[in-house]
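Working through the structure, step by step
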Amino acid sequence: MLCRVTLGRTGLWRGLCSSSRIQRQTGSELVDFTVTPYLCRLDTPLSDVPYVRELTNEQRALKEKEKGDWGKLTKEEKLALYRLAHKHSYCEMQQGSSEWKTVLGGMFFMLGFSGLLVWWQRVYVFGEVPHTLSPDWIEKQTQRMIDMQVNPVQGFSVYWDYEKKQWK
């Protein structure tokens, strides 16, 4: 039985929906997508919502102290208030990451894997080179085509001098 459908409180759709079944099985909470998310991007450096939404008692006390004179706040307290509202500063957002190392490593891995695959195919899949590609055979085939005067108007027989028996 793939899916047990119950028509109780949850209704038919809840019984059929795979995400609700997984949520019910794992016991995880549903995410409310109607709440505005915190955005920390270069194109929107000042998010509409604060970074920290649930404040601890210390953070609440600091927020109360924020309402007073800012001259009485220490540098660490100002930084802590900034970190409550923003995850990164603008300079930290502009700072590059080392993701290029992962991308380059993945490219080299795939290149090495492809090389091993080509080597394996040459050794185990492809047979010997056909005898028709040997230099001796190609020379005999070319001489035969010249003797038969194959395509004398536009072919490679145009470049053969039949009187001197050599290439022009």
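Residues numbered from 1 in each chain as written. Predicted model: local features only at pLDDT ≥ 70, side-chain atom pairs only at ≥ 80, totals over all residues. Heavy atoms only, no water.

**With respect to the overall build of the protein chain**
From N to C terminus, the protein chain includes seven helices and two strands. Helices and strands in the protein chain line up, N terminus first, as α-α-α-α-α-α-α-β-β. Split into buried and exposed, the 168 residues of the protein chain put 11% on the buried side. Taking the contacts inside the protein chain whose residues are at least 6 apart along the sequence as the reference set, 29% of them involve residues at least 24 apart. (Helix = DSSP H or I, 4+ residues; strand = E, 2+ residues; numbered from the N terminus. Buried < 20%, exposed > 50% of the residue type's maximum accessible area, 1.4 Å probe, protein only. Contact = heavy atoms within 4.5 Å.)

**Some thoughts on the packing of aromatic side chains**
Under the defined criterion, the tally for this structure stands at five aromatic pairs. Look at Trp 160 and Trp 167: their rings are 5.0 Å apart centre to centre, the planes differ by 80°, and that puts the pair in the edge-to-face class. Pairwise contacts between aromatic rings join Trp 119, Trp 120 and Tyr 124 into one cluster. (Phe/Tyr/Trp six-rings, centres within 6.5 Å; stacked < 30°, edge-to-face > 60°.)

**Examining the packing of helix 3 (residues 57-66) against helix 4 (residues 75-85)**
When two helices pack together, their arrangement is given by the angle between the helix axes and the distance between those axes. For the pair helix 3 and helix 4, interaxial distance at closest approach is 11 Å and the crossing angle is 110°. The angle between the axes of helix 3 and helix 4 places the two elements in the roughly perpendicular class. Each of Gln 59, Leu 62, Lys 63, Lys 65 and Glu 66 in helix 3 lies in contact with helix 4, whose residues at this interface are Glu 77, Ala 80, Leu 81 and Leu 84. Considering only residue class, the contact of helix 3 with helix 4 consists of four nonpolar, one polar and four charged. (Axes fitted to C-alpha atoms, helices over the stretch in contact; angles between N-to-C directions. Parallel < 35°, antiparallel > 145°, perpendicular 65-115°, else oblique. Nonpolar A, V, L, I, M, F, W, Y, C, P; charged D, E, K, R; others polar.)

**Points about a nonpolar patch on the surface**
On the surface, Phe 109, Met 110, Phe 113, Leu 116, Leu 117, Trp 119, Trp 120, Val 123, Tyr 124, Val 125 and Phe 126 cluster together into a nonpolar patch covering about 1200 Å² of accessible area. Its place among the elements puts Leu 117 in helix 6 (residues 99-125). When its relative accessible area of 40% is taken as the criterion, Leu 117 is described as partly exposed. (Patch = residues over 30% accessible without salt bridge, like charges linked within 9 Å, V, L, I, M, F, W, Y side chains within 5 Å. Areas by Shrake-Rupley, 256 points an atom, 1.4 Å probe, with all protein chains shown as cover. Salt bridge = Lys/Arg side-chain N within 4 Å of Asp/Glu carboxyl O.)

**A closer look at the pattern of salt bridges**
Pairs can form between side chains of opposite charge once their charged atoms are near each other. For the coordinates displayed, the defined rule picks out six salt bridges. Of the charged contacts in the structure, one is a salt bridge between Glu 64 and Lys 67, with a shortest N-O distance of 3.3 Å. Each member of the pair, Glu 64 as well as Lys 67, carries the same accessibility label: exposed.

**A few points about the side chain of His 86**
Along the polypeptide, His 86 turns up in the loop between helix 4 and helix 5 (90-94). Once residues within four sequence positions are removed from consideration, His 86 is found in contact with Tyr 38, Pro 45, Leu 46 and Tyr 51.

**Overview of helix 4**
Along an α-helix, a turn takes 3.6 residues, which lines up residues three or four apart on a common side. What helix 4 keeps buried is the set Glu 77, Leu 81 and Leu 84. Projection of helix 4 onto a plane perpendicular to its axis shows the buried side chains occupying an angular sector of 55°, all on one side. Exposed positions of helix 4 whose direction lies more than 90 degrees from the buried face are Lys 75 and Glu 76. On its buried face, helix 4 sits against helix 3. (Arc of directions from axis to C-beta.)

**Structural notes on unusual backbone geometry**
Positioned with a positive phi, Gln 149 is a non-glycine residue whose angle comes to about 55°. Mapped onto the elements, Gln 149 comes out in the loop between helix 7 (135-147) and strand 1 (160-161).

**Describing the confidence of the model for the protein chain**
On average, residues of the protein chain score 84 in pLDDT, and 83% of them reach the 70 mark or higher. For the protein chain, per-element mean pLDDT is lowest for helix 1 (residues 11-16), which scores 54, and highest for helix 6, which scores 96. Low confidence marks residues 1-7, where pLDDT is under 50. Its contacts with residues over four positions away, or in another chain, come to 10 contacts. (pLDDT = per-residue confidence, 0-100.)

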